[in-house]
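Structural features, examined
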Amino acid sequence: MPRYDVIVIGLGGMGSAAAYRLAQRGHRVLGLDRYAPVHNRGSSHGGSRITRQAYFEDPAYVPLLLRAHEMWAQIERDSGRAIFHRCGGIMVGRPDSRTVAGSVRSARQWDLPHELLDAAEIRRRFPTMNPAEDEIALYEASAGLVVPEASVAAQLLLATRAGAELHHEEEVLTWTADSAGVRVGTTRNYYVADQLVVCPGAWAPELLSGLGVPFRIERQVQYWFAPRGGAEPFVDHPIYVWENELGRQFYGFPAHHGPEVKVAFFRGGQTCTPETIDRTVHAHEVRAIAEFAGARMPSLPGEFRRAATCMYTNTPDEHFVIARHPGHARVVVACGFSGHGFKFVPVVGEVVADLVTKGATRHPISLFDPARLKGAPA
């Protein structure tokens, strides 16, 4: 039985990045995933993910975002794939909303270039948008979108080039770790290694049941509409996050992949598991997003074209978990990305490689220690 330096469980966004960065550093890496490469059964699909730096969730994320922004260019150059598309971003809501106030706080704390726009200026610069008179926005020119499928494909390619051995359509059934190493059992074989990285996505509750984190898996739906009058006004358009007076957020993208635009609610989905998720998108769900978007974007909803489901893996405080497993010194975990993690993919790969190789990282990750969630309700 061959012995690897590191086994990586899960080869979606984070796992593909971890496998690539570890192989790049000369480790003998085995990557395992239960599905075919670049699949649509987890959380790394849907054609687009927002990336932004004036981060309303917490200013502590900003250094990681700045590093991730640098790393996308290197991945694109080395893989030959287009991943990051800068189009600007606009965060809309009342001045005291989390979306606006939190974005302003991060932008000012880290001296990020930004503009504050009142309702009239929003309508003038972005005629697709019709904010209420008491709504304002933060505009960030450096924001944009990343293509999750291209990101995963690029990092799998680069991992393989660097010498990683990647096994797809091979489900992990069990893993154990002790002072001698780690052992992973799959539907095909058993494997041993010095260290283990677990990037399980929505399978975190089953693969990391001993971590002590009460993960909640949430079903999410992404919707595509053909705007009334055509998609031309959305071609040169920023990404956006828009919060209403009740704190409900929805977000959307430019017409990046053709004559349709993608919109979705941010959170509020049903609790599920990867096995029980309802993959059918129902008429009442389409009506709800159409009404919400139509009240704010005059040319939406237009014609409904399609929808797709994905999953958020939420922690109780919606912050990530990236750390050495508190019960296993040879195991590193990266999970609980709570619906806002994909923009961090390259830097998470770097952080994981640091933790495996050096036992520590220069990046600020204290916010992501699982100890903070000990005893927390789900």
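Everything below is about the structure printed above this text.
Notes on the structure in this doc start here. (Residues numbered from 1 in each chain as written. Predicted model: local features only at pLDDT ≥ 70, side-chain atom pairs only at ≥ 80, totals over all residues. Heavy atoms only, no water.)

1. Regarding the overall build of the protein
Of regular secondary structure, the protein possesses eight helices and 19 strands. On C-alpha atoms alone, the protein measures out to a radius of gyration of 21 Å, which is about the 21 Å that the 2.2 N^0.38 rule sets for 378 residues. In terms of overall dimensions, the protein has C-alpha extents of about 65 × 45 × 40 Å along its principal axes. The 378 residues of the protein split such that 58% are buried. (Helix = DSSP H or I, 4+ residues; strand = E, 2+ residues; numbered from the N terminus. Rg over C-alpha atoms; globule rule 2.2 N^0.38 Å. Buried < 20%, exposed > 50% of the residue type's maximum accessible area, 1.4 Å probe, protein only.)

2. Thoughts on the pairing of strand β19 (residues 331-335)
Summarising burial for β19: five of the five residues are buried, a large majority. Of the two faces of β19, the one holding V331, V333 and C335 and the one holding V332 and A334 are both buried throughout. Here strand β12 (residues 190-198) runs beside β19; their pairing, made up of three bridges, is parallel. Residue pairing across strands places V197 opposite V332, the latter belonging to β19. Summarising the sheet, strand β18 (residues 321-324) and β19 pair through four bridges and their orientation is antiparallel. Residue V321 lies in a different strand from β19, and its bridge partner there is C335. In this antiparallel pair of consecutive strands, β18 and β19, the connection spans six residues. (Pairing = 2+ DSSP bridges.)

3. Some thoughts on the nonpolar core
Among the nonpolar cores identified, the biggest contains 68 residues, and V197 and F344 are the most heavily contacted of them. Dropping the residues within four chain positions of it, V197 is found in contact with V6, I7, V8, I9, A18, L22, V332, V352 and V356. (Core = buried A, V, L, I, M, F, W, Y, C linked by side-chain atoms within 4.5 Å. Contact = heavy atoms within 4.5 Å.)

4. A look at the packing of helix α2 (residues 62-79) against helix α5 (residues 148-161)
Contact pair α2 / α5: the axes reach a minimum separation of 10 Å and the direction vectors enclose 65°. Two packed elements cross with a definite hand, and for α2 against α5 that hand is left-handed. Counting all contacts with α2, which are made through W72, I75, D78 and S79, the residues of α5 involved are S151, A154, Q155, L157, L158 and R161. Looking at the contact of α2 with α5 residue by residue, the class counts come to five nonpolar, three polar and two charged. (Axes fitted to C-alpha atoms, helices over the stretch in contact; angles between N-to-C directions. Left-handed = near helix turned anticlockwise from the far one by under 90°. Nonpolar A, V, L, I, M, F, W, Y, C, P; charged D, E, K, R; others polar.)

5. A word on the environment of E121
Of note, E121 is situated in helix α4 (residues 119-125). With 15 residues separating them along the chain, E121 and I136 place their C-alpha atoms 8.9 Å apart.

6. So, the environment of P346
Checked against the element boundaries, P346 lands in helix α8 (residues 345-358). C-alpha separation for the pair P346 and G93, spaced 253 residues apart in sequence, amounts to 30 Å. Excluding its chain neighbours within four sequence positions, the residues that come into contact with P346 are R21, A68, M71, W72, I75 and Q155.

7. Some remarks on the sheet that holds strand β17 (residues 303-314)
The pairing of strands in a sheet happens through backbone hydrogen bonds and is either parallel or antiparallel. In spatial order, the strands read β6-β7-β5-β14-β15-β16-β13-β17; together these eight strands make up an open sheet with mixed pairing. Strand pairing shows two members of the sheet lacking a second neighbour, β6 (115-117) and β17, which therefore form its edges. Adjacent strand axes in the sheet meet at a mean angle of 20° when their direction is disregarded. In this sheet, β17 lies alongside strand β13 (residues 216-226) in antiparallel orientation, the contact comprising eleven bridges. Counterpart to Y223 in the pairing with β17 is A307. Running over the sheet, helix α3 (residues 98-109) touches β5 (89-93), β6, β7 (136-140), β14 (239-243) and β15 (249-252) and is turned about 130° from β5. On the sheet, helix α7 (residues 283-294) packs against β13, β15, β16 (261-266) and β17 and is oriented at approximately 65° with respect to β13.

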